[in-house]
Amino acid sequence: MTESPKPGQLTMVAPRRAKPQRHLADLTMAERRAAVVELGEKAFRADQLSRHYFGKLTASADQMTDLPAASRAVLAQLMPDLLTPVREITCDDGTTRKTLWKLFDGSLVESVLMRYPDRATLCVSSQAGCGMNCPFCATGQAGLTRNMSTAEIVGQVVAGARALASGEVPGGPGRINNIVFMGMGEPMANYKAVIGAVHRMVDPSPEGLGISARGVTVSTVGLVPAIEKLSNEGLPVTLAVSLHAPDDELRDTLVPINTRWKVAEVLDAAWAYAAKTKRRVSIEYALIKDINDQEWRADLLGRLLKNKLVHVNLIPLNPTPGSKWTASRPEDERAFVRRLEYHGVAVTVRDTRGREIDGACGQLAAANPA
Ligand code: SAH
């Protein structure tokens, strides 16, 4: 595995590694047609293939029995198995389920499916590991192994959609309503693959899965140039900024990228994103006992956010191995909420779904089963 980073050390560029095989989910519709023709098949087979993969969620080419057997064998080359499930752990009577995936080169990533009475959310990984080194996050402590490809990211969604469609998840057959890039990795540090993946998620069937862009949330530590780029993609996804502190002094230590782009710069980029997309920005704030949960910090945060198109998600800190930090006292959490509300800032406290299976925010470390 990758070496653990030193405190504060950032890894901005992913190590160069062998790339996973090309998959139809890496490609736009036009590219799929070209690829199919290159393989000696008629271009319309790309549409059939896409309808199977994104529409019917067909898992392998041999199941596409409406295609001639010879074509199936050829087209299988565009549907390699990129993700192998290694382990599945569930809680909440099976409605929360964390899957550990092995990628072609042995890299491990995790995704978490959370089903609620009225919707289902999938939390996906965008990198094997992470280079952002936030000291309270288990993923950050392990360092960055490599970027994931577009199809590896999308594969997690297709697998989740398949599990819901088949009725495997308690609650009857269902579909994915929301996707959050809050698994392993910093999505804005793997920009191109992530944008490709968002396209496959939101583009209408058969080009993509046809999930509403409003249901997709991209969460970032605050890579300002990437946020600016994202606002020009014409993809009105929800932007979440992992702020965790309103002052540079503390944020420099909690979110090391702050040494590169300061609180004011990140928030300016967020407001520009909101103005451009008309989408409310989420501010993520993990409440850590006696570290960032003081009332004066809530007050400072409230003053930074008041009158903005914003929603604050407070996340009671989830425990991670080797960390001395814990979640805030209930009374401090309540005072923090009240202070933000005093400034008229919309705020909710996130539930800690998946905590007991190490599937909650910041707990994904993708270790091999013992
Ligand atoms: N790299 C991206 C996305 C992954 S983390 C980002 O940082 O935004 C998803 C969210 O979980 C982030 O807001 C992250 O800061 C938060 N998080 C990480 N570790 C946590 C922990 N131990 N407890 C609670 N939230 C945590």
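So, how was this worked out
Residues numbered from 1 in each chain as written. Predicted model: local features only at pLDDT ≥ 70, side-chain atom pairs only at ≥ 80, totals over all residues. Heavy atoms only, no water. Helix = DSSP H or I, 4+ residues; strand = E, 2+ residues; numbered from the N terminus. Rg over C-alpha atoms; globule rule 2.2 N^0.38 Å. Buried < 20%, exposed > 50% of the residue type's maximum accessible area, 1.4 Å probe, protein only. Contact = heavy atoms within 4.5 Å. Areas by Shrake-Rupley, 256 points an atom, 1.4 Å probe, with all protein chains shown as cover. Lys, Arg positive; Asp, Glu negative; His and termini not counted. Charge placed at Lys NZ, Arg CZ, Asp CG, Glu CD. Pairing = 2+ DSSP bridges. Axes fitted to C-alpha atoms, helices over the stretch in contact; angles between N-to-C directions. Near = heavy atom within 4 Å. Polar contact = N/O pair within 3.5 Å; in protein donor to acceptor, adjacent residues only side chain to side chain. 1 Å grid on protein atoms, 1.4 Å probe; cavity = no way out; pocket = protein on both sides within 12 Å on 5 of 7 lines; lining within 4 Å. Sits in = over half its atoms within 2 Å of the grid points. Nonpolar A, V, L, I, M, F, W, Y, C, P; charged D, E, K, R; others polar. UniProt positions renumbered as here; feature names shortened; annotations may be inferred. Right-handed = clockwise from strand over helix to strand, strands pointing away. Core = buried A, V, L, I, M, F, W, Y, C linked by side-chain atoms within 4.5 Å. Phe/Tyr/Trp six-rings, centres within 6.5 Å; stacked < 30°, edge-to-face > 60°.

Examining the overall build of the protein
Alright, step 1. Within the protein, the regular secondary structure consists of 11 helices and 12 strands.
Alright, step 2. Since a compact globule built from 370 residues should have a radius of gyration of about 21 Å, the 21 Å found for the protein is in line with a globular shape.
Alright, step 3. On the principal axes, the C-alpha backbone points of the protein span a range of 70 × 45 × 40 Å.
Alright, step 4. Taking all 370 residues of the protein together, 57% fall into the buried category.
Alright, step 5. Taking contacts inside the protein between residues at least 6 apart in sequence as the whole, the part at least 24 apart equals 68%.
Alright, step 6. Taken as a whole, the protein presents about 15,700 Å² of accessible surface, with 52% of it coming from carbon and sulfur.
Alright, step 7. Seen as two clouds, the 45 positive and the 40 negative side-chain charges of the protein have centres 3 Å apart.

Quick notes on the sheet that holds strand 1 (residues 84-91)
Alright, step 1. Read from one edge of the open sheet, 10 strands run 1-2-3-4-7-8-9-10-11-12, paired in mixed fashion. At either margin of the open sheet sits one strand with a lone partner, and together these are strand 1 and strand 12 (346-349). Between one strand axis and the next, the sheet turns through 20 degrees on average, direction left out of account.
Alright, step 2. Where strand 11 (residues 310-316) meets strand 12, 4 bridges bridge the pair, whose relative direction is parallel. Of the residues in strand 12, the one forming a bridge with Val-312 is Val-347.
Alright, step 3. The strands touched by helix 5 (residues 150-165) within the sheet are strand 2 (96-102), strand 3 (108-116), strand 4 (119-123) and strand 7 (178-181), with strand 3 carrying the most contacts at an inclination of about 35 degrees.

A word on the site of the ligand
Alright, step 1. Around the ligand there are 19 residues in total, and Phe-136, Ser-219, Ser-242, His-244 and Asn-318 lie nearest to it.
Alright, step 2. Here a nitrogen atom of the ligand and a backbone polar atom of Gly-185 are 3.0 Å apart.
Alright, step 3. A distance of 2.6 Å separates an oxygen atom of the ligand from a polar side-chain atom of Ser-219.
Alright, step 4. Here the ligand occupies the largest cavity.
Alright, step 5. Broken down by class, the residue content of the shell around the ligand amounts to 8 nonpolar, 9 polar and 2 charged.

With respect to the UniProt feature "domain: Radical SAM core" (unreviewed entry) in the protein
Alright, step 1. UniProt marks residues 116-355 with the feature "domain: Radical SAM core" (unreviewed entry), using the numbering shown here.
Alright, step 2. In residues 116-355, the share of helix is 35% and the share of strand is 19%. The end C-alpha atoms are 16 Å apart.

Observations regarding the pairing of strand 7
Alright, step 1. Burial of the side chains of strand 7 extends over both faces: Asn-178 and Val-180 are buried on one face and Ile-179 and Phe-181 on the other.
Alright, step 2. A crossover connection joins strand 7 to the parallel strand 8 (residues 216-220) through helix 6 (residues 191-202); in handedness this β-α-β unit is right-handed.

Details of the UniProt feature "active site" (unreviewed entry) in the protein
Alright, step 1. Feature annotation in UniProt assigns "active site" (unreviewed entry) to the following positions: Glu-110 and Cys-361. The greatest C-alpha distance among the annotated residues, which extend across 252 residues, is 11.8 Å, indicating that they converge on a single site. Within the annotated group, the residues that form the lining of the largest cavity are Cys-361.
Alright, step 2. Within the secondary structure, Glu-110 is located in strand 3.
Alright, step 3. Look at Glu-110 and you get buried, because its relative accessible area is 1%.
Alright, step 4. In this structure the side chain of Glu-110 is engaged in a polar contact, spanning 3.3 Å, whose partner is the side chain of Lys-98.
Alright, step 5. Residue Cys-361 is classed as partly exposed on the basis of its relative accessible area of 29%.

What to know about unusual backbone geometry
Alright, step 1. Here the amide bond leading from Ser-205 into Pro-206 is cis, since omega sits at 10 degrees, within 30 degrees of zero.
Alright, step 2. Take Pro-206: it is sitting in the loop between helix 6 and strand 8.
Alright, step 3. Not every positive phi belongs to a glycine, and Asn-307 is a case in point at roughly 65 degrees.
Alright, step 4. Considering the arrangement of structural elements, one finds Asn-307 in the loop between helix 10 (295-305) and strand 11.

Observations concerning the nonpolar core
Among soluble globular proteins, nonpolar side chains are generally buried collectively.
Alright, step 1. Ranked by size, the top nonpolar core spans 115 residues in total, and within it Ile-153, Val-157, Phe-181, Met-201, Val-237, Ile-283 and Leu-305 carry the most contacts.
Alright, step 2. Residues in contact with Phe-181, not counting those within four places in the same chain, are Val-124, Ser-126, Ile-153, Pro-187, Val-194, Ala-197, Val-198, Met-201, Val-216, Thr-217, Val-218 and Ser-219.

Thoughts on the packing of aromatic side chains
Alright, step 1. On inspection of all chains with the given rule, the structure shows 2 aromatic pairs.
Alright, step 2. Between the aromatic rings of Tyr-53 and Phe-54, the centroid separation amounts to 5.0 Å while the plane-to-plane angle is 85 degrees, which identifies the pairing as edge-to-face.
Alright, step 3. Residue classification places Tyr-53 among the buried positions, given a relative accessible area of 6%.
Alright, step 4. Ring geometry for Tyr-285 and Phe-336: centres 5.0 Å apart, planes at 45 degrees, overall tilted. One end of the pair, Tyr-285, is in strand 10 (residues 281-287); the other, Phe-336, is in helix 11 (residues 330-342), and 51 residues separate them in sequence. Note on accessibility: Tyr-285 and Phe-336 belong to one class, buried.

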